[in-house]
Amino acid sequence: MNDCCFNPNDRMLTTDEAISFLLQRAVTTTQTETITVLDALDRVLAQPITSTLNVPPLDNSAMDGYVARFCDINTEGETVLPVSQRIAAGHVGELLEPGTAARIFTGAPVPEGADTVIMQEQCEQRGDDVVISDNVNKGDHIRRAGEDITQGSEVMSVGQKIRPQDMGLIASVGVAEIDVYKKIRVAIFSTGDELLMPGDPVEPGKIYNSNRYTLTGLLDKAGCEIVDLGCFPDNLDATREAMQQASEKADLIMTTGGVSVGEEDYVKAAIDELGSVEMWRVAMKPGKPVAYGEVNNVPFIGLPGNPVSVFVTFCLFARPVIRTMQGCTDVLPRKMQVVSGFDWTRKGPRREFVRAQLQVDDSGQQQAITFPSQSSGVLTSTVWAQGLIEIPEHTTVAKGDVLNWLDFSELVS
Ligand code: AMP
Ligand code: MG
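So, here's what we can say about the structure. Since the structure is predicted, the reported quantities are computational estimates derived from the model, not experimental observations.

**Structural notes on unusual backbone geometry**
Part 1: For the peptide bond that leads from Val 55 to Pro 56, omega is -10°, which places it in the cis range.
Part 2: The topology assignment puts Pro 56 in the loop between β2 (49-50) and β3 (60-61).
Part 3: Residue Pro 286 follows Lys 285 across a cis peptide bond; omega there is -5°.
Part 4: Tracing the chain through its elements places Pro 286 in the loop between β19 (284-285) and β20 (289-295).
Part 5: Of note in this structure, Asn 135 is not a glycine but carries a positive phi near 70°.
Part 6: Within the element layout of this structure, Asn 135 appears in the loop between β9 (129-132) and β10 (142-143).
Part 7: Asn 135 gets classed as exposed once you look at its relative accessible area, which sits at 59%.
Part 8: Positive phi outside glycine occurs at Asn 296, with the angle close to 50°.
Part 9: Here Asn 296 lies in the loop between β20 and β21 (298-303).
Part 10: Residue classification places Asn 296 among the partly exposed positions, given a relative accessible area of 33%.

Spelled out as structure tokens, the structure:
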């Protein structure tokens, strides 16, 4: 870790420095597996998908109606044409006899010789003939072969995380199985003598372990396999034992708590015996203490203990690392711009990630408003919020200013 351009112990890191430091060290898994497209949601593609065909494969009708040759249609009045064939979806018709029309249905291939579809609302069937009103243009209502996908084109690239519409697109080129990266295994455990498990009776001086649950949800959403080692007391032996177990079972180790530099924080001492670790002070709020290292050559990220800090530092630091390890090419959350509906006068040296909602005011303008308490212990703020406002270092904000918005849909996925 000496190749780093800064010494993390000297000063606080900026958020951006911490992210780029982590991303430089994150390594994509080499393990892949073949799965069916039906199981592919949220998995990351390990081989590109190239179409062996045109989609649609043939010119076809976009409407239920009749298909004819434009040169047989009178554009200044009615046209009467005998109906020479009927073509339903899934069936290929015959060459259209000149001077006739064919009954055709949505998705059915346009027969050879025909060039224009007239929707049935513009037609009237009279015995064996069809009467077509005017107002027809050459080439109307035909979906062209290959207008969606052309044969030989790459429809999805390595590193794309598969969404529902991607599943449909892959299926549309006839592919049933795809190669994806294997899910990474993330070992988690919590540290703290004060922690009770939900369901346990209340005890004086204790709190319920919420981080384990937040982290489980975040990792699940991020598509990881979770190895949950539970909760360990504040002592060196227990923490070392937990680290050892985690390194045997996982591709990444993640903990919450115990990464400050207090006498009851044992993460650093435990890892020093099994690998190496750096304790960072990141110039951010909430957050600040974050640790990065390796335990028996397995990467380790130590998140702070405060529940809101866990949520925010996971989203900003751990998620991009996880996405890189999973093979995603698009790892950082997209920032949007929103208008501030609040004043912020407490400028400071740390970048603030403020829990906020987007609301529409009486004039129809959307603006961001903040939760009253931004304390790193108030988990309610993350439940109330829809995203985080980023307030840069040394900056005040006035109502109407434009600010960066990190939507939870970008951060928790
Ligand atoms: P620490 O970093 O261990 O000093 O913890 C900082 C704060 O977070 C303390 O108030 C802890 O009680 C709290 N905390 C640590 N771990 C958890 C947890 N798993 N669930 C809820 N709160 C926690
Ligand atoms: Mg602790």
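From this point on, the discussion continues.
**Some points on the side chain of Glu 410**
Part 1: Looking at the secondary structure, you find Glu 410 in helix α8 (residues 408-411).
Part 2: At 2.8 Å, the side chain of Glu 410 and the backbone nitrogen of Arg 334 are in polar contact.
Part 3: Not counting residues up to four positions away in its chain, the partners in contact with Glu 410 are Arg 319, Pro 333 and Arg 334.

**A short note on the site of ligand 1**
Part 1: Around ligand 1 sit 15 residues, and of these Glu 194, Asn 209, Asn 211, Gly 258 and Gly 305 come closest.
Part 2: One of the side-chain nitrogen or oxygen atoms of Asn 209 is found 2.8 Å away from a nitrogen atom of ligand 1.
Part 3: Measuring from an oxygen atom of ligand 1, one finds a backbone N or O atom of Asn 306 at 3.2 Å.
Part 4: Calculation on ligand 1 without its partners gives an accessible area of 480 Å², and the protein chains cover 77% of this total.
Part 5: Counted by class, the shell around ligand 1 contains 4 nonpolar, 9 polar and 2 charged residues.

**Topic: the nonpolar core**
Part 1: Formed by 41 residues in total, the largest nonpolar core has its most connected members in Leu 219, Met 254, Trp 280, Phe 314, Phe 317 and Ile 322.
Part 2: Ranked by the residues each element gives to this core, the list is headed by helix α6 (residues 307-325), at 12 residues.
Part 3: Core analysis: the next-biggest nonpolar cluster, separate from the first, contains 22 residues, Ala 187, Phe 189, Ala 246 and Val 295 among them.

**As for a negative patch on the surface**
Part 1: A grouping of Asp 193, Glu 194, Glu 263 and Glu 264 is seen on the molecular surface, where their side chains present a negatively charged patch.
Part 2: With respect to the helices and strands, the residue Glu 194 is situated in the loop between β13 (185-191) and β14 (195-196).

**Describing the sheet that holds strand β8 (residues 123-126)**
Part 1: The strand order across the open sheet formed by 6 strands is β7-β4-β6-β5-β9-β8, and the pairing between neighbours is mixed. Two strands lie at the open edges of the sheet, namely β7 (116-119) and β8, each paired on one side alone. Strand-to-strand, the axes of this sheet are offset by a mean angle of 40°, without reference to chain direction.
Part 2: As paired elements, strand β4 (residues 65-68) and β7 share 4 bridges and run antiparallel to each other. What sits directly across from Gly 65, in β7, is Met 119.

**Observations regarding the packing of aromatic side chains**
Part 1: Scanning all chains against the criterion turns up 7 aromatic pairs.
Part 2: An angle of 25° between the planes, with centres 6.1 Å apart, marks the rings of Trp 280 and Tyr 292 as stacked. Taken together, the residues span a long stretch of sequence, with Trp 280 in strand β18 (residues 275-281) and Tyr 292 in strand β20 at a distance of 12 residues.
Part 3: Overall, the relative accessible area of 8% leaves Tyr 292 in the buried class.

**A look at the pattern of salt bridges**
Part 1: If you walk through the whole model with that rule in mind, you get 18 salt bridges.
Part 2: Residue Glu 352 is joined to Lys 285 by a salt bridge in which the shortest nitrogen-to-oxygen separation is 3.8 Å. Of this pair, Glu 352 sits in strand β23 (residues 351-360) while Lys 285 sits in strand β19; the two residues are 67 residues apart in sequence, bridging distant segments of the chain.
Part 3: A salt bridge links Arg 351 to Glu 393; the nearest nitrogen and oxygen atoms lie 3.2 Å apart. Taken together, the residues Arg 351 in strand β23 and Glu 393 in the loop between β25 (387-391) and β26 (402-407) connect sequence positions 42 residues apart.
Part 4: Look at the salt bridges and you will find they share partners, linking Asp 16, Lys 335, Arg 351, Glu 390 and Glu 393 into a network.

The rules behind the values
- Per chain, residues are indexed from 1 in the order of the written sequence.
- Numbering of ligands from 1 and lettering of chains from A proceed in the order in which they are written.
- Restriction of local features to residues with pLDDT of at least 70 applies here, the model being predicted, together with a cutoff of 80 or more for giving and counting side-chain atom pairs; totals for whole chains, interfaces and linings are based on all residues.
- The basis for the side-chain values is all heavy atoms of the structure; hydrogens and waters are excluded.
- Helix and strand assignments follow DSSP, with helices taken as H or I runs no shorter than four residues and strands as E runs no shorter than two, numbered in order from the N terminus.
- Note on exposure labels: buried denotes an accessible area under 20% of the residue type's maximum, exposed denotes more than 50%, and partly exposed covers the range between, all computed with a 1.4 Å probe on protein chains only.
- Here a polar contact is taken to be a pair of N or O atoms separated by no more than 3.5 Å, where protein atoms must pair a possible hydrogen donor with a possible acceptor and residues adjacent in sequence count only if both atoms sit in side chains.
- Any two residues whose heavy atoms approach within 4.5 Å at even a single point are treated as in contact.
- Neighbouring residues are identified by heavy atoms, a residue being near a molecule or strand if any of them is within 4 Å of it.
- Reported accessibility uses the Shrake-Rupley method at a 1.4 Å probe radius. Residues are deemed covered only where the shown protein chains occlude them.
- When residues are sorted by character, Ala, Val, Leu, Ile, Met, Phe, Trp, Tyr, Cys and Pro go into the nonpolar class, Asp, Glu, Lys and Arg into the charged class, and all the rest, Gly among them, into the polar class.
- As used here, the term nonpolar core means buried Ala, Val, Leu, Ile, Met, Phe, Trp, Tyr and Cys residues forming a set that is joined through side-chain atoms within 4.5 Å.
- Surface patches are defined over residues having more than 30% relative accessible area and no salt bridge, joining like charges when they lie within 9 Å and nonpolar side chains (Val, Leu, Ile, Met, Phe, Trp, Tyr) when within 5 Å.
- By convention in these notes, a salt bridge is any Lys or Arg side-chain nitrogen within 4 Å of a carboxyl oxygen on Asp or Glu.
- All tallies of charge rest on Lys and Arg as positive and Asp and Glu as negative; His and the ends of each chain are not included.
- Working definition for charges: the position is that of NZ of Lys, CZ of Arg, CG of Asp or CD of Glu.
- Strands are labelled as partners when DSSP assigns at least two bridges between them.
- Only the stretch in contact is used when fitting a helix axis, every axis being a line fitted to C-alpha atoms; angles between N-to-C directions are given from 0 to 180 degrees.
- For this analysis, a ring pair means two rings from Phe, Tyr or Trp (six-membered ring only for Trp) whose centres lie within 6.5 Å, classed as stacked if their planes differ by under 30 degrees, edge-to-face if by over 60, and tilted for the remaining angles.

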